[in-house]
Amino acid sequence: MPVQTIKVEVLSRNLNNFLKEKSIDKLDVIWMDVQGLELEILQSSVEVIKNTKLIYLESEFRTIYKDQPLYPDIKKYLEEIEYKEIYNRVEYRPEYAKWDNWDYPGDTDSIFINLNECNRI
């Protein structure tokens, strides 16, 4: 039986706009588990991200979702905008990206701290 593809359009707004609507200008913590959309959310909400003290997120070592950024991509981006990783549940190794080897971990949880906001913590 062939698989049917159904296209669904969903209205959404980025974190910057959501927080403006709620009159919130700064966040202490962002806790993110968004199934492969981490980098998209971070990049579309730069205004808020740059003023947030701490980001906790789950990311994958191997691709599960279409066009998904992996842990190294997310870490690199956060470091570029002055975040430092202070915790990682599983230390990353490039061989973890091998989809067919289930002996390797598939994901991790990380905590990044904003170096520019450290004095506010």
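That block above? That's the structure.
Because the structure is a prediction, the values reported are computed rather than measured.

Student: Mind showing me how you'd approach the packing of aromatic side chains here?
Tutor: Think of a pair of aromatic rings as described by two things: how far the centres are apart, and how the planes are tilted against each other in angle. Applying the stated criterion across every chain yields a total of 7 aromatic pairs. Residues Phe 61 and Tyr 96 carry aromatic rings whose centres are separated by 5.3 Å and whose planes lie at 40° to one another, so their mutual orientation is tilted. Separated by 35 residues along the polypeptide, Phe 61 in the loop between β2 (54–60) and α4 (71–80) and Tyr 96 in the loop between β3 (83–88) and β4 (107–114) bring together distant segments of the chain. In this pair, the class of Phe 61 matches that of Tyr 96, namely buried. Arranged with centres 5.6 Å apart and planes meeting at 40°, the rings of Tyr 71 and Tyr 92 form a pair that is tilted. Taken together, the positions of Tyr 71 in helix α4 and Tyr 92 in the loop between β3 and β4 put the pair 21 residues apart, joining distant regions of the chain. By relative accessible area, Tyr 71 is classed as buried at 5%. Among the residues examined, Tyr 92 registers a relative accessible area of 26% and is labelled partly exposed. One aromatic cluster in this structure is built from Phe 61, Tyr 71, Tyr 92, Tyr 96 and Tyr 104.

Student: Sorry if this is basic, but what is going on with the pattern of salt bridges here?
Tutor: Close approach of charged atoms allows side chains of opposite charge to pair. In the structure shown here, the tally under the stated rule is 8 salt bridges. Note that Asp 28 and Lys 53 form a salt bridge whose closest N and O atoms lie 3.2 Å from each other. Of this pair, Asp 28 sits in the loop between α1 (15–21) and β1 (29–32) while Lys 53 sits in the loop between α3 (46–49) and β2, and the two are 25 residues apart along the sequence. Through salt bridges that share partners, Lys 75, Glu 79 and Glu 85 make up one connected network.

Student: Can you help me understand α4 in this one?
Tutor: Quick reminder: α-helices carry 3.6 residues per turn. Residues three or four places apart thus point the same way. Where α4 is concerned, the buried positions are Tyr 71, Ile 74, Tyr 77 and Leu 78. Seen end-on, α4 carries its buried residues on one side only, within an arc spanning 135°. Contacts made by the buried residues of α4 are with α2 (38–44), α3, β2, β3 and β4.

Student: Where do I start with the sheet that holds β3 in this structure?
Tutor: Paired through their backbone hydrogen bonds, the strands of a sheet run either parallel or antiparallel. In spatial order, the strands read β1-β2-β4-β3; together these 4 strands make up an open sheet with mixed pairing. Of all strands in the sheet, those bounded by a partner on one side alone are β1 and β3. Averaged over neighbouring strand pairs, the angle between their axes works out to 25° when direction is ignored. With 4 bridges connecting them, β1 and β2 associate as parallel partners. Bridging from a neighbouring strand, Trp 31 pairs with Tyr 56 of β2.

Student: Where do I start with the nonpolar core in this structure?
Tutor: Nonpolar side chains tend to gather and get buried jointly when the protein is soluble and globular. Among the nonpolar cores identified, the biggest contains 16 residues, and Ile 30, Leu 42, Ile 49, Ile 55, Leu 57, Leu 78 and Tyr 83 are the most heavily contacted of them. Elements supplying a minimum of two residues to this core: β1, α2, α3, β2 and α4. At 3 residues, the largest contribution of residues to this core is made by α4. Apart from residues no more than four positions distant in its own chain, Leu 42 is found in contact with Met 32, Ile 49, Ile 55, Leu 57, Ile 74, Tyr 77 and Leu 78.

Analysis parameters
Residues numbered from 1 in each chain as written. Predicted model: local features only at pLDDT ≥ 70, side-chain atom pairs only at ≥ 80, totals over all residues. Heavy atoms only, no water. Phe/Tyr/Trp six-rings, centres within 6.5 Å; stacked < 30°, edge-to-face > 60°. Helix = DSSP H or I, 4+ residues; strand = E, 2+ residues; numbered from the N terminus. Buried < 20%, exposed > 50% of the residue type's maximum accessible area, 1.4 Å probe, protein only. Salt bridge = Lys/Arg side-chain N within 4 Å of Asp/Glu carboxyl O. Arc of directions from axis to C-beta. Contact = heavy atoms within 4.5 Å. Pairing = 2+ DSSP bridges. Axes fitted to C-alpha atoms, helices over the stretch in contact; angles between N-to-C directions. Core = buried A, V, L, I, M, F, W, Y, C linked by side-chain atoms within 4.5 Å.

As far as function goes, none of this settles anything; it's purely spatial.
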